[in-house]
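Per-entry structural report
For reference, the chains in residue letters:
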Amino acid sequence: MYVGRIVAIGRTPGGANLAAYRVSSRSFPNREAVQGEGRCAVVPRAGHEADVSKNPYIAYNCLRIVGDWAVVSNGSHTEPISEKVAAGMPIRDALALSLLALDYEKDDYNTPRIAGAVPLTGDAGWLAIVRRDALVVTELALEAGRAAYVATYELDDPRGNQSAVLEGADAAAVARFVVDGGEFAKLTHAVTSAAAVANGGSFELATLCV
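The structure displayed is predicted, hence computed values, not measured ones.

Thresholds applied
- Residues numbered from 1 in each chain as written.
- Predicted model: local features only at pLDDT ≥ 70, side-chain atom pairs only at ≥ 80, totals over all residues.
- Heavy atoms only, no water.
- Helix = DSSP H or I, 4+ residues; strand = E, 2+ residues; numbered from the N terminus.
- Contact = heavy atoms within 4.5 Å.
- Buried < 20%, exposed > 50% of the residue type's maximum accessible area, 1.4 Å probe, protein only.
- Pairing = 2+ DSSP bridges.
- Axes fitted to C-alpha atoms, helices over the stretch in contact; angles between N-to-C directions.

1. Focus: the environment of V197
Its location among the elements puts V197 in strand β12 (residues 190-199). In sequence terms V197 and N17 are 180 residues apart; their C-alpha atoms lie 5.9 Å from each other. Those residues in contact with V197, other than ones at most four positions away along the chain, are T12, A16, N17, L18, A169, D170, A171, V174, S202, F203 and E204.

See the structure below:
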């Protein structure tokens, strides 16, 4: 099944909080996630830089570490969410205000904007979506060895109805798992992924290019 982009939050089997992102794409598969200082970005692969002139939504920071939070999303809304969190705004409000302001993407598919956030420590994270017909922001309990997720198409309900067993002890393993592990392996057209996993007093980041 093709579901487009995926945002996931949860915990490793060992109990470490995590956030993950996967690009699944039929139209623009020539992309990769690259790691920077406290962030991961989705960019065109070498030789395909001109793709951004065809679609302005395909390059963006998909994951940022902001204080004790990992913020993950499928577009440019990663930045305003992160800025609001850094300024001290509650995570619920940062997600809701940023998604409401930017709205769904005005492309051929009315692609929803999706987002998530998890704390370095704590028992709850957040998933959110703005679609053409709804804005939903939901707090979810984090369970060891499970990931709750929301996708841009088909699986677009962030209220915890979509949950999967998750394996992997570190960020690299989680980035791999959301591409070809468990329930995620059934979702087609994987291109690249990124993950943040709590490790001691900070988040460890990793990316994977399919």
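2. As for the pairing of strand β5 (residues 60-66)
Among the 7 residues of β5, 6 are classified as buried, and the element is accordingly described as predominantly covered. In this structure, strand β4 (residues 39-44) lies alongside β5, joined through 4 bridges in antiparallel fashion. The residue bridging C40 from the neighbouring strand is L63, located in β5. Between the end of β5 and the start of strand β6 (residues 69-73), which pair antiparallel, lie 2 residues, with G67 showing a positive phi angle near 60 degrees.

3. Quick notes on helix α2 (residues 78-86)
Three or more residues of α2 are buried, namely T78, P80, I81, S82 and V85. Trailing α2 by a residue or two, G88 shows a phi angle of about 100 degrees, which is positive.

4. Section: the sheet that holds strand β2 (residues 17-24)
Within the open sheet, the 6 strands sit side by side as β11-β10-β1-β2-β12-β13. Their pairing is antiparallel. Here the strands that pair on one side only, and so sit at the sheet edges, are β11 (163-165) and β13 (202-209). Neighbour-to-neighbour, the strand axes of this sheet turn through a mean angle of 20 degrees, independent of strand direction. Summarising the sheet, strand β10 (residues 146-151) and β11 pair through 3 bridges and their orientation is antiparallel. When the sheet's bridge partners are listed, A147 is paired in β11 with A164. Packing against the sheet, helix α4 (residues 171-180) makes contact with β2, β11, β12 and β13, and its axis sits at approximately 145 degrees to β12.

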